[in-house]
Amino acid sequence: MKKLSRRFYTRDTLTIAKNFLGKFIVRKWRGKKIIGKIVETEAYIGPGDKASHAFRNKRTSRNKAEYLIGGHIYIYLVYGMYWQFNISTSAKGKPECVLIRALEPIFNNRNPKSQIPNPNKIPNPNFQNLKEIKNLANGPGKLCRYLKLNKSFYGEDMAGSKRIWLESNGEKIKKSDIVAAPRIGIDYAGKYWSKIPWRFYLKGSPFISRI
DNA sequence: GTACAGATTGAG
DNA sequence: TCAATCTGTACT
């Protein structure tokens, strides 16, 4: 497993949104590691993107983390109760980010590669069935609960943090295994921007938020 | 000070 | 399909 460095986060945002798929979020919490494989993302590319919080270079105290160099966490609350976990992308001063929308929970860190293809056989005795496991992180609010994330992570640097980072197991996701679709919950952005296919997910994964 | 949106979720 | 839910944000 290789930790992802700054170089990974400073590239083109759509490329990163696709390359996040299949990577592992590692969260150190109370001496343990909570791990999830990213299976669903969305790109938000301000200032041109009407669905972005940084549309027209809007700057507020909430969204300022979007302007940081790639790799920093932009986390905020929606509906008064759900956290949304974003990672800033591209160069400093460009308000671009990727929303992490769903994770496949990983319970055994010894050989992540071997256990990925068969979600029906995840060896965790704490859970009885796939339905229970899916329910842990198949949505942007739920995955923050699973990873124990809150506002204290605002602006945290994924390339330097000791409590959250990304790892790669070297697996190359085939282009044909990535589905591009319209982003969720942004109808307010109008016909064009709510239809543009900047949501990406792993084809056939049972752990995505919705079809 | 205060109105109000909201990148959701879970139940039906 | 639909409404509960409630805090931070962005305005006055």
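Fair warning: this is a prediction, and the values are worked out from it, not measured in the lab.

**Section: the protein's contact with DNA strand B**
Among the 23 residues in the neighbourhood of DNA strand B, the closest are listed as Y79, G80, N86, G141 and K142. For DNA strand B, the backbone makes up 53% of the atoms found within 4 Å of the protein, where backbone means sugar plus phosphate. Take H53: an N or O atom from its side chain is 3.1 Å from a base nitrogen of DNA strand B. Contributing elements (two or more residues each) for the surface near DNA strand B: β4 (73-78), β5 (82-88), β6 (96-106) and α5 (140-147).

**Some thoughts on the protein's contact with DNA strand C**
In the region of DNA strand C, the neighbouring residues are T60, R62, L77, Y79, G80, M81 and K151. Counting only atoms of DNA strand C within 4 Å of the protein, the fraction found in sugar and phosphate groups is 89%. Contacts to DNA strand C include T60, whose side-chain N or O atom sits 2.9 Å from a phosphate oxygen. Its residues placed into classes, the surface near DNA strand C shows three nonpolar, two polar and two charged.

**Quick word on the pattern of salt bridges**
Summed over the entire model, instances satisfying the criterion amount to eight salt bridges. A salt bridge links R163 to E156; the nearest nitrogen and oxygen atoms lie 2.9 Å apart. Accessibility expressed as a relative area gives 17% for E156, which makes it buried.

**Things to note about the packing of aromatic side chains**
Here the distance between the centres and the angle between the planes together describe a pair of aromatic rings. Counted by the stated rule, this structure contains seven aromatic pairs. Geometrically, the ring pair formed by F8 and Y9 is edge-to-face, given 5.7 Å between the ring centres and 80° between the ring planes. We classify F8 as buried; its relative accessible area is 12%. Ring geometry for Y74 and Y154: centres 6.3 Å apart, planes at 85°, overall edge-to-face. Here Y74, found in strand β4, pairs with Y154, found in the loop between α5 and β7 (164-168); they are 80 residues apart in sequence, far enough to count as distant. Among the residues examined, Y154 registers a relative accessible area of 22% and is labelled partly exposed. Through a chain of ring-to-ring contacts, three or more aromatic side chains come together here, namely F8, Y9 and F20. Here K3 stacks its cationic end above the ring of W165, 4.6 Å away from the centre of that ring. Its end group placed over the ring of F8, R11 keeps NZ or CZ at 4.5 Å from the ring centre.

**Digging into the layout of surface pockets**
Space inside the largest pocket adds up to approximately 600 Å³. Lining the largest pocket we find 25 residues, and of these Y76, V78, Q84, I184 and G185 sit closest to its centre.

**Overview of the nonpolar core**
Ranked by size, the top nonpolar core spans 40 residues in total, and within it F20, I25, F85, I100 and L103 carry the most contacts. Per-element accounting of this core gives the leading share, five residues, to strand β3 (residues 32-45). Once residues within four sequence positions are removed from consideration, F85 is found in contact with I25, I73, Y74, V98, L99, I100, L143, C144, L149, M158 and I164. Residues A51, A65, Y76 and I186 belong to the second largest nonpolar core, which totals nine residues.

**Structural notes on unusual backbone geometry**
The omega angle of the peptide bond from G46 to P47 is 0°, so this bond is cis rather than trans. Here P47 is to be found in the loop between β3 and β4. Here the phi dihedral of Y79 falls at roughly 55°; this positive angle occurs in a residue that is not glycine. With respect to the secondary-structure elements, Y79 resides in the loop between β4 and β5. Exposure remark for Y79: the relative accessible area of 71% places this residue in the exposed category. Positive phi is not limited to glycine here, since K148 has a value of about 55°. Relative to the assigned elements, K148 resides in the loop between α5 and β7.

The rules we used
Residues numbered from 1 in each chain as written. Chains lettered and ligands numbered in written order. Predicted model: local features only at pLDDT ≥ 70, side-chain atom pairs only at ≥ 80, totals over all residues. Heavy atoms only, no water. Near = heavy atom within 4 Å. Polar contact = N/O pair within 3.5 Å; in protein donor to acceptor, adjacent residues only side chain to side chain. Helix = DSSP H or I, 4+ residues; strand = E, 2+ residues; numbered from the N terminus. Nonpolar A, V, L, I, M, F, W, Y, C, P; charged D, E, K, R; others polar. Salt bridge = Lys/Arg side-chain N within 4 Å of Asp/Glu carboxyl O. Buried < 20%, exposed > 50% of the residue type's maximum accessible area, 1.4 Å probe, protein only. Phe/Tyr/Trp six-rings, centres within 6.5 Å; stacked < 30°, edge-to-face > 60°. Lys NZ or Arg CZ within 6 Å of the ring centre and 35° of its normal. 1 Å grid on protein atoms, 1.4 Å probe; cavity = no way out; pocket = protein on both sides within 12 Å on 5 of 7 lines; lining within 4 Å. Points joined across faces, edges and corners; volume = space filled by probe spheres on them. Core = buried A, V, L, I, M, F, W, Y, C linked by side-chain atoms within 4.5 Å. Contact = heavy atoms within 4.5 Å.

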